[in-house]
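Report on the structure
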Amino acid sequence: MSTINVDVLIIGAGVSGIGIACHLTKNCPDKSFLILERRQAIGGTWDLFRYPGIRSDSDMYTFGYRFRPWTEGKTLADGPSIKRYVTETANAYGVDKRIRFGNKVVRANWSSQQRHWSVDVLNEASGETESYSCNFLVGCTGYYNYDAGYQPDFPGKESFRGTIVHPQHWPENLDYQGKRVVVIGSGATAVTLVPAMADKAGHVTMLQRSPTYMLPLPVIDPIAKQMQRFMSNKWVYRLTRSRNIATARLIYNTARSRPKVMRRFLQNLVRKQLNGAADMRHFTPNYDPWDERLCVVADGDLFTAIKSGDASIVTDHIETFTPTGIKLKSGQTLAADIIITATGLDLQMLSSAEILVDEQPVAISDKLIYKNALVEGVPNAAIVFGYTNISWTLKVDIVADYLCRLLKHMDKKGYRQVVPIDNENSRTNDTVMGSLSAGYVRRAADKLPRQGSKGPWVVTQDYAQDAKILREAPIEDGYLQFDGVQSQTERCLNKGLWGSIRAVLTSQ
């Protein structure tokens, strides 16, 4: 069996994988690379999810790639539009020709002796295993299991005579015309599904255990629309992107520093939208803003559905499913023909691929992530993790910049191996998503990589700071070992006066 050799092997052809590949094409044209994608199409999340109303809850001026302006009208774009944008981007940069579809990475082993990765890949159509090798491995698989969403064990579930659907696997021809629908959940999926189904269904009830903070935003940015009358798409994109990044940072930082102020601000927006149509207790969470993600309500459509009477919200706990619906612990019953369990994701790293170094298994959950890019103690390996407080893709762009800088630096110096080393014992129990306390994050604490207490191991969620570090800071910063030894620069940083200065700076 022959082995396919490339410089860089990317796992996943979603938003992250396509972004990394485009950066390599632009900035490292001498590097050979391939993308291995288990599905049969580009898009990742945006190819998988097909439920009614599927859309981004991040604006496309920041969710889009820095190097390719988003030019469609909708700022909060629907899933098919996002998939089309990612696919067209791949085509524009010739990345589509370097994707191998239907291939699942099963095992990857780094050989210190040969200084490369050996990767076993299952062709799911033929059942045959193929072999690849690469100098650098980049995981762009996201953080959840594509095979199955999270399904709580609801009592009496088997007795329900209607249809139960998880949004991650939406039936192509689900008929909900005139039907009574209950959507279990209060996250972004539920908030999107309820208004999308309300016009056609008989009635849609959103059943939540606890409320979520909601932020109504316009689908079309009125300022950007006006700017498009006298400015090029490139400049509209650049200026709107900068404004939206600054606005998102302001909202997040205010939420963390002055939670009571942000709570009042968000609830006043919702109260104004509802105009008395629903009890505000259904929109009053028991946690501070941004302890969990805010739910964006596109053009206030959820509130419109509630005011029209086509939808309603119930806050309660499930006692049991019944043949005709759901019985709640309060004693109330909800009649249903269809129950949709928008109960979240099952988190998973690298699509469950086995990672080894010199045939020794690596537990990613025990590893720190360096600059939200490289994996502590694992040579020539990166995992791309986007932001959770602003658009995911903002981090993808700057991590791609960093990886290209790193590859060029290694070529210039003649290095074949780079390994981030935590010499300061900075490991904490916080995961890379530690800023969120959402249920799906807490459930997966034993699967996610860790972050540290200082230095490049901290996940800042600060785009401006990260962009400066990843694009401009010296590659050799005292935390990286090249070819198994520290470079002269690193030795200087770790000794004498420079070491003392760095110790003081990193402790701040």
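Coordinates for the structure precede this section.
Okay, so let's go over this structure.

What counts as what
- Residues numbered from 1 in each chain as written.
- Predicted model: local features only at pLDDT ≥ 70, side-chain atom pairs only at ≥ 80, totals over all residues.
- Heavy atoms only, no water.
- Salt bridge = Lys/Arg side-chain N within 4 Å of Asp/Glu carboxyl O.
- Helix = DSSP H or I, 4+ residues; strand = E, 2+ residues; numbered from the N terminus.
- Buried < 20%, exposed > 50% of the residue type's maximum accessible area, 1.4 Å probe, protein only.
- Pairing = 2+ DSSP bridges.
- Axes fitted to C-alpha atoms, helices over the stretch in contact; angles between N-to-C directions.
- Contact = heavy atoms within 4.5 Å.
- Disulfide = S-S within 2.5 Å.
- Parallel < 35°, antiparallel > 145°, perpendicular 65-115°, else oblique.
- Left-handed = near helix turned anticlockwise from the far one by under 90°.
- Nonpolar A, V, L, I, M, F, W, Y, C, P; charged D, E, K, R; others polar.
- Expected span 1.5 Å × (residues − 1).
- Arc of directions from axis to C-beta.
- Phe/Tyr/Trp six-rings, centres within 6.5 Å; stacked < 30°, edge-to-face > 60°.

Looking now at the pattern of salt bridges. Where charged atoms from two side chains of opposite charge approach closely, those side chains can pair. Scanning all chains against the criterion turns up 26 salt bridges. Put simply, D401 and R66 hold a salt bridge, and the shortest N to O gap is 3.1 Å. In this pair, D401 is assigned in helix 10 (residues 392-413) and R66 in the loop between helix 3 (60-63) and helix 4 (79-92), connecting sequence segments 335 residues apart. A salt bridge links R107 to E359; the shortest N-O distance between them is 2.4 Å. Of this pair, R107 sits in strand 4 (residues 103-111) while E359 sits in the loop between strand 17 (354-357) and strand 18 (360-361), and the two are 252 residues apart along the sequence. E359 gets classed as partly exposed once you look at its relative accessible area, which sits at 43%. Through salt bridges that share partners, R39, D47, R50 and K83 make up one connected network.

The subject of this paragraph is the sheet that holds strand 14 (residues 325-328). The strand order across the open sheet formed by three strands is 13-14-15, and the pairing between neighbours is antiparallel. Looking at the sheet topology across the chains shown, the edges are occupied by strand 13 (318-322) and strand 15 (333-335). Each adjacent strand pair in this sheet contributes to an overall mean axis angle of 20 degrees, direction not counted. Taken together, the three bridges between strand 14 and strand 15 define a ladder with antiparallel strand orientation. Bridge pairing links I326 to L334 in strand 15.

Our next topic: the side chain of S365. Inspection of the secondary structure assignment puts S365 in the loop between strand 18 and strand 19 (369-370). Its relative accessible area of 15% is what places S365 among the buried residues. Setting aside residues up to four positions removed in sequence, S365 forms contacts with R427, D446, K447, L448, P449 and R450.

On to the state of the cysteines, then. In the structure shown here, the tally under the stated rule is zero disulfides. Left unpaired, C22 is separated from the closest cysteine sulfur, that of C404, by 11 Å.

In this structure, L24 sits in helix 1 (residues 15-27). We classify L24 as buried; its relative accessible area is 3%. Those residues in contact with L24, other than ones at most four positions away along the chain, are V8, I10, P29, F33, C404 and L407.

This part covers the pairing of strand 17. Sheet faces and side chains relate simply in a regular strand, where the side chains alternate between the two faces. By the bridge criterion, four bridges tie strand 4 to strand 17 in an arrangement that is parallel. Within strand 17, the residue paired with N109 across the bridge is L356. Pairing between strand 17 and strand 18: two bridges, direction antiparallel. Bridge pairing in strand 18 links L356 to P361. Hairpin connection, strand 17 to strand 18: the antiparallel pair is bridged by two residues, and D358 has positive phi, about 50 degrees.

A word on the sheet that holds strand 16 (residues 338-341). Across the sheet, five strands lie side by side as 7-16-8-9-12; this open sheet has parallel pairing. With partners counted over all chains shown, the strands left at the sheet margins are strand 7 (163-165) and strand 12 (311-315), one partner each. Shown here is a sheet whose adjacent strand axes are inclined to one another by a mean of 20 degrees, direction ignored. Here helix 5 (residues 188-198) sits on the sheet and contacts strand 8 (180-184), strand 9 (203-208), strand 12 and strand 16; the angle it forms with strand 9, its principal contact strand, is near 165 degrees.

Glancing now at the packing of helix 5 against helix 9 (residues 301-308). Axis separation between helix 5 and helix 9 bottoms out at 9 Å; the angle between their running directions is 50 degrees. On the basis of the axis angle, helix 5 is oblique to helix 9. Helix 9 is crossed by helix 5, and the crossing has left-handed handedness. Contact residues: V191, V194, P195 and A198 in helix 5; D301, L302 and A305 in helix 9. Its residues placed into classes, the contact of helix 5 with helix 9 shows six nonpolar, no polar and one charged.

Another point: unusual backbone geometry. Phi at K371 is positive, roughly 50 degrees, even though this residue is not glycine. Counting through the fold element by element, K371 comes out in the loop between strand 19 and strand 20 (374-375). Backbone geometry places N425, a non-glycine residue, at a positive phi of 50 degrees. By the element assignment, N425 lies in the loop between strand 22 (418-420) and strand 23 (427-431). When its relative accessible area of 70% is taken as the criterion, N425 is described as exposed.

Let us now look at helix 8 (residues 259-274). The end-to-end C-alpha separation of helix 8 is 22 Å, in line with the 22 Å expected for 16 residues at 1.5 Å each. Every buried residue belonging to helix 8 is among P259, M262, L266, Q267, V270 and L274, and all of these are buried. All buried residues of helix 8 fall inside an arc of 120 degrees around its axis, so they share one side. In helix 8, the exposed residues that point more than 90 degrees away from the buried face are K260 and K272. Looking at the buried side of helix 8, the elements it contacts are strand 10 (214-217), helix 7 (233-257) and helix 9. One or two positions beyond helix 8, positive phi appears at N275, with a value near 50 degrees.

Our next topic: the packing of aromatic side chains. Considering all chains together, one arrives at 19 aromatic pairs under this definition. Between W70 and Y85 the ring centres are 5.4 Å apart and the planes differ by 70 degrees, which places this aromatic pair in the edge-to-face class. Of the two residues, W70 is situated in the loop between helix 3 and helix 4 and Y85 in helix 4; the sequence distance between them amounts to 15 residues. Relative accessible area serves as the criterion here: at 5%, Y85 is assigned to the buried category. A ring pair is formed by Y213 and Y287, whose centres lie 5.5 Å apart and whose planes are at 85 degrees; its orientation type is edge-to-face. Of this pair, Y213 sits in the loop between strand 9 and strand 10 while Y287 is found in the loop between helix 8 and strand 11 (295-298), placing the two residues 74 residues apart along the sequence.

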